[in-house]
Structures are given as C-alpha cells and as structure tokens.
Amino acid sequence: MQNKSIFLVLFFAVSLACNGQPFLKHYRTLTSDRLEEFFAEWKAYSDNVCSKNAVDDRILAEVVKQEYAAFERENKTRPKFRVFPEVITVYKYANNADTTSTFYDHTFEESGRFKTQSITPAIPRGALCMTYFVKLTLSKYVGGVLYKGEILPVNAGNETKLRDYLSVGRGVRRQEGHIWFESFPLIEEISVAPNLIAVKRRTSSSTGNVIWYVRKDGKFKRRDKPVSSWVD
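To start, this report covers the structure provided alongside it. Predicted model, so just to flag it, every value in this text is computed and none were measured. (Residues numbered from 1 in each chain as written. Predicted model: local features only at pLDDT ≥ 70, side-chain atom pairs only at ≥ 80, totals over all residues. Heavy atoms only, no water.)

Across its full length, the protein holds six helices and 13 strands. Counting across all 232 residues of the protein, residues that qualify as buried make up 44%. Across the protein, contacts joining residues at least 24 apart in sequence account for 61% of those joining residues at least 6 apart. Counting every atom, the protein has about 13,000 Å² of accessible surface; 52% of that belongs to carbon and sulfur. (Helix = DSSP H or I, 4+ residues; strand = E, 2+ residues; numbered from the N terminus. Buried < 20%, exposed > 50% of the residue type's maximum accessible area, 1.4 Å probe, protein only. Contact = heavy atoms within 4.5 Å. Areas by Shrake-Rupley, 256 points an atom, 1.4 Å probe, with all protein chains shown as cover.)

Judged from the six bridges that link them, strand β2 (residues 88–93) and strand β3 (residues 114–119) form a sheet pairing that is antiparallel. By the bridge assignment, Y93 is partnered in β3 with F114. Here β2 pairs with strand β9 (residues 186–193) via four bridges, running parallel. The residue of β9 that forms the bridge with K92 is V192. (Pairing = 2+ DSSP bridges.)

Further remarks concern the side chain of N195. On the secondary structure map, N195 appears in the loop between β9 and β10 (196–202). Here A97 takes part through its backbone nitrogen, which lies 2.7 Å from a polar atom of the side chain of N195. When residues no more than four places from it in sequence are discounted, the contact partners of N195 are N96, A97, T99, Y213, V214, R215 and F220. (Polar contact = N/O pair within 3.5 Å; in protein donor to acceptor, adjacent residues only side chain to side chain.)

The next point concerns helix α3 (residues 58–74). Between its first and last C-alpha atoms α3 spans 24 Å; for 17 residues at 1.5 Å apiece the expected length is 24 Å, and the two agree. When we look at burial in α3, the residues that qualify are L60, V63, V64, E67, Y68, A70 and F71. The buried residues of α3 occupy an angular sector of 160° when the element is viewed end-on, so they sit on one face. Away from its buried face, by an angle of more than 90 degrees, α3 presents the exposed residues R58, K65 and R73. Sitting at the head of α3, D57 places a side-chain oxygen 3.0 Å from the backbone nitrogen of I59. (Expected span 1.5 Å × (residues − 1). Arc of directions from axis to C-beta.)

A full pass over the atoms with the stated rule returns 13 salt bridges. Of the charged contacts, one joins E67 and R201 as a salt bridge, the two residues approaching to 3.7 Å between their closest N and O atoms. You can see E67 sitting in helix α3 and its partner R201 sitting in strand β10, a full 134 residues away along the chain. The exposure class of E67 is buried, given its relative accessible area of 4%. For R201, a relative accessible area of 3% gives the class buried. Here the salt bridges share partners, and the residues they tie into one network are E67, E74, R201, R222 and D224. (Salt bridge = Lys/Arg side-chain N within 4 Å of Asp/Glu carboxyl O.)

We now examine the packing of helix α2 (residues 35–52) against helix α5 (residues 132–142). Between α2 and α5, the least distance of the axes is 13 Å, while the angle of their chain directions is 165°. The angle between α2 and α5 falls in the class roughly antiparallel. Between α2 and α5 the crossing geometry is left-handed. Of α5, the residues touching α2 (which contributes L35, F38 and W42) are V134, T137, L138 and Y141. Grouping the amino acids of the contact of α2 with α5 by side-chain chemistry returns six nonpolar, one polar and no charged. (Axes fitted to C-alpha atoms, helices over the stretch in contact; angles between N-to-C directions. Parallel < 35°, antiparallel > 145°, perpendicular 65-115°, else oblique. Left-handed = near helix turned anticlockwise from the far one by under 90°. Nonpolar A, V, L, I, M, F, W, Y, C, P; charged D, E, K, R; others polar.)

Here we come to the side chain of N75. With respect to the helices and strands, N75 occurs in the loop between α3 and β1 (83–85). For N75, the side chain forms a polar contact with the main-chain oxygen of F184, separated by 2.5 Å. Look past the residues within four positions of N75 in its chain and what remains in contact with it is S183, F184 and P185.

In the structure shown here, the tally under the stated rule is 15 aromatic pairs. Both rings, one in Y93 and one in F108, keep their centres 4.9 Å apart while their planes meet at 20°; by these two values the pair is stacked. Here Y93, found in strand β2, pairs with F108, found in the loop between α4 (104–107) and β3; they are 15 residues apart in sequence, far enough to count as distant. Each member of the pair, Y93 as well as F108, carries the same accessibility label: buried. (Phe/Tyr/Trp six-rings, centres within 6.5 Å; stacked < 30°, edge-to-face > 60°.)

Here it is, written out as structure tokens:
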C-alpha cells in the first residue's frame, strides 16, 4: 500500500511537469491562506500561455476572437479573474453541413469524415487558463467532487473565499460532483464544414446554445442570435 501511495504521488508530480504546470506541485492540498499565492502563480502560467500560443488557422482564429468579443458583451459578472478553457476541441468535416437542421448533432451528421484537433488560443489579457489539473486542485479545495463512489460535501466557507477570485457555479450535474469555475459563456467545442462553422457554447452551469457562422461570398458571417439552445 505504501509503495502504491508513493507511486501515485510520483505519477501526479510527473504528470504536472509534463503538462507544463509545475507550480501546482506546491498546491497538492490548497489552503485558504495560500489562495493569493496560488492565483498569482496561476496567472503567471496563463500569461505565459497567452504569449506563446496563436491559432494557425486564420478563420478559426477570427471565430475565437469574435466569441471572446461576444463574451465581453454578454458576461454579467466581474470577478477578479475571468477563466477560459486552455484547450478547445475542433471537429473539421469534409462535406457541407445541413443548414436546414438546427439540432446540433444532426447538422453535421451527413458531412462525411472529419478530423479532430485541439487549439489553444491566446485568451484575453488578464484572464486565466483552465486546465484539468487546475480544476482538480480547485475541486479538492471546494469539495463536491466524486471520491470513492461518494460526493464529498461542499465546503461553503471555501466556496465563498474562492468567489472573491472567480465565478463558482454548481450545475445540475452536481450529483456527479460537477462544479464549474469557468466564466460564461465559454466555448465548449467548434465544428467546421466548408459552408458552416458552429460554436457550441455553455452559457451557465446548466444551459448552453449554438452560434452559427454561415459562409456567404467566401466569408463566414456570425449570426448573433443562437440557432438552438439547451438545458441540462
């Protein structure tokens, strides 16, 4: 058992280093008295990501830019830090999408083969990049995570302290230990076809919608009104 514990600790440390987030090794157990220090190091990491990453695909880069602009118009909360996913999954389809279908999964159903890629766009200045390991660290601090088949109770005091820095949302999936730390609306994924780009967005901890960019005269134009929406 002791050897297994040592292995898990080493694995966690190596995983953090390999994922470029070595600062997290200092916060395997995040405590309230170290929140300021934690967020300072997280911001330094995020600033470094922003300075080094750019989306090579010009069209995708423009779509993400417009979505970040839409975020500024739509977001109603102003915590100390805004939080965006570090990685966005993109599905690229070979054939045209069905623009007569507003149901997201059906829109690209007949679009043929696709390839998947991950992009890491430069997030707005002063914002933070959410990663799997950062989310794990925050979840352990707040509680509400699934552990050994049971949901750990949410620490209301820690949740309140964390809200001084960022938004904390409890989704309807909280019975599975799901708590959101990102700012809304956020980009969940992007699907690209020759005639259409669809951005799947989460607008709150329990709602979402789809924004279309329709190609016309060789350019993709954003439709500000969502083509569809959903509730978890």
